[in-house]
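So you can see what is in the structure, the chains are spelled out below.
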Amino acid sequence: SKNQGGNKITYFSTGMNDQAMVRLELESYLRKALQKNEFHLCYQPLLDLQTGEITCTEALIRWQHPHLGLVSPAQFIPLAEETGLIEEIGAWVLTTACAQTKYWQQNGFPNLGISVNVSAYQFQQHAFIGQVIEALNVSGLDPGYLSLELTESAMLKDIVYSISVMKSLQELGVKVSIDDFGTGYSSLSYLRNLPIDTLKIDQSFINNLHDDPSDIAIVKAIITMGQGLAVKIVAEGVETHEQMNILRDLDCHYAQGYYIEKPLDTDAFEKGFRTVENV
Ligand code: C2E
Ligand code: CA
Ligand code: CA
Ligand code: CA
């Protein structure tokens, strides 16, 4: 009867872990998201603190689901990694970001670079280098304008393999950034041996920069080290004028964060970029 059916549903929903339900639902939606065209990229500028110019943007994925709304990458990227879906999603991000940047270069922003996040699992896949080459070939983007953001944990998982991939990227002319620098379990010795172009200081060191002397000391030490190693330094999560001034005084190369610009969709970026340039 109807009543029994109702009881059954109650039985299952209380018997099953809520989190597991959410995860299963999210996974089934995620499997269809690419075909259904539910992803788009936002672009967050990096400000050159010496010249005041925007020379590069970071591509950040967004998932707009018809029922769930906007799902944060912090939520679905780990799931995409666990399920292996990151391989396809990551390839899509690379292709889309390179094509968009090439388009912008041909339409008023000739020297704009692009920075693309690469997850640990994606970086370890043997198909990865091929995906990078494919994205460059299809878009026609000069490899020197592409930078890939890796985390220390991604890189240190299998250091021998990572070195070979990073050397291949270097041969292609693609740049490598270390994202969230300072948060991973890291041995600084890799900085000596690996072809790294940029370190992005994690935003946790920037948040209280204006009133925490130990954060200033850490940031200052990273910048000094970067100068010695000829590695460019980016500060992320810059939210205030004070933070930006401190970073400029410390000779940090680039700043990124809400104070400069939040991640923008393509239309907003085209308008915002002109405004920033006109300042
Ligand atoms: P992330 O690479 O460290 O990116 C920085 C995050 O901080 C972004 O969150 C950005 O929107 C946010 N952010 C930027 N400026 C500020 C600021 O001034 N204050 C604060 N509080 N936050 C700021 P988002 O876009 O939600 O991305 C979260 C994470 O998801 C990223 O962290 C990255 O690890 C991952 N992710 C995003 N897009 C991709 C992608 O295309 N591929 C992969 N593999 N991972 C991605
Ligand atoms: Ca990043
Ligand atoms: Ca980061
Ligand atoms: Ca992060």
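A brief structural summary. Within every chain, residues take consecutive numbers counted from 1 along the sequence as written. All chains are assigned letters beginning with A, and all ligands numbers beginning with 1, in the order in which they are written. Residue-level local features of this predicted model are given only where pLDDT is at least 70; pairs of side-chain atoms are given and counted only at 80 or more, and the full residue set underlies all totals for whole chains, interfaces and linings. The basis for every side-chain value is the complete set of non-hydrogen atoms in the structure, without hydrogens or water.

Re the pairing of strand S6 (residues 175-181)
Item 1. The buried label goes to any residue with under 20% of its type's maximum accessible area, the exposed label to any with over 50%, and the partly exposed label to all in between, with areas taken from a 1.4 Å probe on protein chains only. Helix and strand definitions here come from DSSP, where helices need a minimum of 4 consecutive H or I residues and strands a minimum of 2 consecutive E residues; each element is numbered from the N-terminal end. Burial analysis of S6 places 5 of its 7 residues in the buried class, the great majority of the element.
Item 2. With 5 bridges joining them, strand S5 (residues 146-151) and S6 adopt parallel strand pairing. Looking at S6, one finds that Glu149 is bridged to Ser177. Note on pairing: two strands pair once DSSP finds at least 2 bridges between them.

Examining helix H11 (residues 241-249)
Item 1. By the burial criterion, the buried members of H11 are Gln243, Met244, Ile246 and Leu247. End-on, the buried residues of H11 take up no more than an arc of 160 degrees, which puts them together on one face.
Item 2. Pairs of residues are marked as contacts when any of their non-hydrogen atoms sit within 4.5 Å. Looking at the packing, one finds that the buried side of H11 touches strand S1 (39-48), helix H10 (213-229) and strand S8 (232-235).
Item 3. Of the residues one or two after H11, Asp251 is the one with positive phi, at around 65 degrees. This arc is built from the directions going out from the helix axis to the C-beta atoms.

Let's talk about the environment of Leu34
Item 1. Mapped onto the secondary structure, Leu34 falls in the loop between helix H2 (18-33) and S1.
Item 2. Accessibility expressed as a relative area gives 24% for Leu34, which makes it partly exposed.
Item 3. Those residues in contact with Leu34, other than ones at most four positions away along the chain, are Phe39, Glu88, Ile89 and Trp92.

Some words on the environment of Ile163
Item 1. Locating Ile163 in the fold gives a position in helix H8 (residues 159-172).
Item 2. Judged by relative accessible area, Ile163 falls into the partly exposed class, the value being 26%.
Item 3. Along the chain, Ile163 and Leu194 lie 31 residues apart, while their C-alpha atoms are 6.6 Å from each other.

Comments concerning the pattern of salt bridges
Item 1. By definition here, a salt bridge exists when the distance from a side-chain nitrogen of Lys or Arg to a carboxyl oxygen of Asp or Glu is within 4 Å. Evaluation of the coordinates by the stated rule reveals 6 salt bridges.
Item 2. Arg23 serves as the salt-bridge partner of Glu27, at 3.6 Å between the closest nitrogen and oxygen. Of this pair, Glu27 and Arg23 are both found in helix H2, 4 residues apart, which corresponds to roughly one turn of the helix.
Item 3. One connected set of salt bridges, linked through shared partners, spans Arg23, Glu27, Arg31 and Glu82.

Function cannot be inferred from these measures alone, as they are strictly geometric.
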